[in-house]
Amino acid sequence: MGKAKSFDISKRAVWDAYRKVKANGGASGVDRQSLEDFDQDLSNNLYKLWNRLCSGSYFPPPVLQVEIPKAQGGMRTLGIPTVSDRIAQMVVKQVFEPSVEPYLHEDSYGYRAGKSALQAVGVTRQRCWHHDYLIEFDIKGMFDAIDHTLLLRAVDKHTDCRWVRLYIERWLTAPFQQADGELVKRDSGTPQGGVVSPLLSNLFMHYVFDKWMERNYPNNPFARYADDGVIHCRSEAQARSLLERLEKRFQECLLELHPEKTQIVCCNVRKQKGSEVAKKFDFLGYCFRPRLVRNRYGKLFVNFTPAISPRNAMRIRQTVRRWRLHVRTRMSLSDLARLVNPIIRGWINYYSAYQRSSLTPVLRYINLALVKWVKWKYKKKAQYTRRARRWLGNVAKHNPSLFAHWPLAVPFPAE
């Protein structure tokens, strides 16, 4: 007889976890093993992982530390686990998540099935019409600052499975490996980039913020997406009092509000006159501020509503510039469309949900990049921008759906 395993983990659970990791893709970790490399000896690799998980001898390797630029400036630290470690984390997530998800707050929108950033934007839009003030808050380096003792206490509330608890603790303390190979010990945080990290951060914030708000401020609705959130208030005085209490609450839980991204905002257009607090705020890529809109009868009025934020509009333009479409002269226009349409559709699906007209100037910027491609592709048009614009307009007239954004932003008048 074979030696009994310490933990009852099925091979099927490991296989299902592998399929999800495979579908999600992702970069290689410290061992430089890609998903394609892992697949070269798939059965043996999965068996070894299953055997180690069942015996309790699985110890996660260091997490590759990668820094990427933040949209608002500065750098964000990501932790990239190895392929096998991502599979192991998925095994745990599949068991642990069902015991956590039913308890999470309905206004927690980040990293949850059936929840989205657009839902958070939509509910915030409606609540701004019924509450005159709002607290916009951001937690400084939340993923790096989560206290392990407090987090594991929350984990214990939702599982009595020994191996789930064991491996979560090991992942929390797995070191970072920097680009030069140096190992950095970790005694707080859960790496942004790990499979199980979003679930753990949501669980942590559920007890630190969501439940605290529900218990102490049941009449102040909020929306939270990971470490970004908004809280609606009836008056400026209430907002100031709540913000003060919120700062203390986060300090008690070893978290800190970001001083530059936390503010009180007046959402009532009539009360904004003479008010010293902010009159607009950004949330999940949308800028909320007073705008001239039409009601159902076509009458213009000023309303506090969201549209794509100037910062994200600028990021889209920067991305279009990085495409350098004009140098891709060996490609046809159809090839270019196939290359960029998935990205453009993503922008449209997200940013056209509210105030679609605000997205149009951003989409027209793509047309300018295409005009430059026409001029480089067809040298006779190089000296005549007008000729290139007309040529592109004619293409759009005969094939208006070639580029995903053309139905919303017609290139140029055709001849």
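A brief report on the enclosed structure follows. (Residues numbered from 1 in each chain as written. Predicted model: local features only at pLDDT ≥ 70, side-chain atom pairs only at ≥ 80, totals over all residues. Heavy atoms only, no water.)

What follows is about the packing of helix 11 (residues 310-323) against helix 12 (residues 333-351). Running from N to C, helix 11 and helix 12 cross one another at 175 degrees; their axes reach a closest spacing of 13 Å. Our classification of the angle between helix 11 and helix 12 gives roughly antiparallel. Every residue of helix 12 that contacts helix 11 at N312, I316, T319, V320 and W323 is listed here: V340, I343, I344, W347 and Y351. Across the contact of helix 11 with helix 12, the residue classes tally to eight nonpolar, two polar and no charged. (Axes fitted to C-alpha atoms, helices over the stretch in contact; angles between N-to-C directions. Helix = DSSP H or I, 4+ residues; strand = E, 2+ residues; numbered from the N terminus. Parallel < 35°, antiparallel > 145°, perpendicular 65-115°, else oblique. Contact = heavy atoms within 4.5 Å. Nonpolar A, V, L, I, M, F, W, Y, C, P; charged D, E, K, R; others polar.)

Time to look at the packing of aromatic side chains. Two aromatic rings are characterised by how far apart their centres lie and by the angle between their planes. Tallied over the full model, the rule gives 22 aromatic pairs. Relative to F222, the ring of F209 has its centre 5.0 Å away and its plane inclined at 75 degrees; by these criteria the two rings are edge-to-face. One end of the pair, F209, is in helix 9 (residues 197-216); the other, F222, is in strand 6 (residues 222-225), with 13 residues separating them in the sequence. Accessibility expressed as a relative area gives 0% for F209, which makes it buried. Classification of F222 by relative accessible area gives buried; the value is 3%. Seen in terms of ring centroids, W373 and Y378 are 6.2 Å apart; in terms of plane orientation they differ by 85 degrees. Their pairing is edge-to-face. A relative accessible area of 33% places Y378 in the partly exposed class. Three or more aromatic residues link up through ring pairs in this structure, and these residues are F7, Y58, Y167 and W171. The residue whose ring lies beneath R170 is F59, and the NZ or CZ to ring-centre distance is 3.7 Å. (Phe/Tyr/Trp six-rings, centres within 6.5 Å; stacked < 30°, edge-to-face > 60°. Buried < 20%, exposed > 50% of the residue type's maximum accessible area, 1.4 Å probe, protein only. Lys NZ or Arg CZ within 6 Å of the ring centre and 35° of its normal.)

So, about the side chain of N220. Tracing the backbone through its elements, the reader meets N220 in the loop between helix 9 and strand 6. There is a polar contact of 2.9 Å between the side chain of N220 and the backbone oxygen of H232. Contact partners of N220, with chain neighbours within four places excluded, come to M213, I231, H232, C233, Q238 and L242. (Polar contact = N/O pair within 3.5 Å; in protein donor to acceptor, adjacent residues only side chain to side chain.)

Turning next to helix 9. Because each turn of an α-helix spans 3.6 residues, side chains separated by three or four positions in sequence point in the same direction. Between its terminal C-alpha atoms helix 9 stretches 27 Å, which fits the 28 Å expected from 20 residues at 1.5 Å a residue. Bending of helix 9 peaks at approximately 50 degrees at the position of H206. The element helix 9 is extensively covered by neighbouring structure, given that 15 of its 20 residues are classed as buried. (Expected span 1.5 Å × (residues − 1). Bend = angle between axes of the 7 residues up to and from the residue.)

The next thing to look at is the sheet that holds strand 9 (residues 281-283). Two strands in a sheet stick together by hydrogen bonds in their backbones, pointing the same way (parallel) or opposite ways (antiparallel). Here three strands make up an open sheet; going across it, the order is 9-10-11 and the pairing antiparallel. Among the strands making up the open sheet, the edge pair consists of strand 9 and strand 11 (300-308). Taking the axes of each pair of neighbouring strands and ignoring which way they run, one obtains an average angle of 50 degrees across the sheet. Contacting strand 9, strand 10 (286-294) and strand 11, helix 5 (residues 117-128) runs over the sheet at an angle of about 55 degrees to strand 10. (Pairing = 2+ DSSP bridges.)

Here we take up the pattern of salt bridges. Inspection of the entire model under this criterion finds 15 salt bridges. Where D16 meets R19, a salt bridge forms, and the shortest distance between an N and an O atom there is 3.5 Å. Taken as a pair, D16 and R19 lie in helix 1 (residues 11-24) at a separation of three residues, close to a single helical turn. Overall, the relative accessible area of 22% leaves D16 in the partly exposed class. Residue classification places R19 among the partly exposed positions, given a relative accessible area of 46%. In this structure, the salt-bridge partner of R112 is E101, at a minimum N-O distance of 2.6 Å. With R112 in the loop between helix 4 (83-100) and helix 5 and E101 in the loop between helix 4 and helix 5, the pair connects residues that are eleven residues apart, well separated along the chain. According to the relative accessible area criterion, R112 is buried, its value standing at 9%. Via salt bridges that share partners, R12, D16 and R19 belong to a single interconnected network. (Salt bridge = Lys/Arg side-chain N within 4 Å of Asp/Glu carboxyl O.)

Right, let's get into empty space enclosed by the protein. Across all of its chains, the model carries one cavity of 30 Å³ or more by this definition. Space inside the largest cavity adds up to approximately 70 Å³. Lining of the largest cavity is provided by 13 residues; of these, Q89, W171, P191, V196 and S197 occupy positions nearest its centre. Secondary structure elements with two or more residues in the lining of the largest cavity: helix 4, helix 8 (162-173) and helix 9. Sorting elements by how many residues they give to the lining of the largest cavity places helix 8 first, with three residues. Looking at the lining of the largest cavity residue by residue, the class counts come to eight nonpolar, four polar and one charged. (1 Å grid on protein atoms, 1.4 Å probe; cavity = no way out; pocket = protein on both sides within 12 Å on 5 of 7 lines; lining within 4 Å. Points joined across faces, edges and corners; volume = space filled by probe spheres on them.)

Compared with the 27 Å implied by 1.5 Å per residue over 19 residues, the 25 Å span of helix 12 between its first and last C-alpha is a close match. Of the positions making up helix 12, those classed as buried are L333, L336, A337, V340, N341, I344, W347, I348, Y350 and Y351. Buried residues belonging to helix 12 abut helix 5, strand 10, strand 11, helix 11, helix 13 (360-377) and helix 14 (385-398).

Direction vectors running N to C along helix 12 and helix 13 enclose 165 degrees, while the axes themselves pass 12 Å from each other. With respect to each other, helix 12 and helix 13 are oriented roughly antiparallel. Note that helix 12 runs across helix 13; the crossing there is right-handed. Contact residues: helix 12 offers L333, L336, I344, W347 and I348, while helix 13 offers L363, I366, L370 and W373. The class makeup of the residues in the contact of helix 12 with helix 13 is nine nonpolar, no polar and no charged. (Left-handed = near helix turned anticlockwise from the far one by under 90°.)

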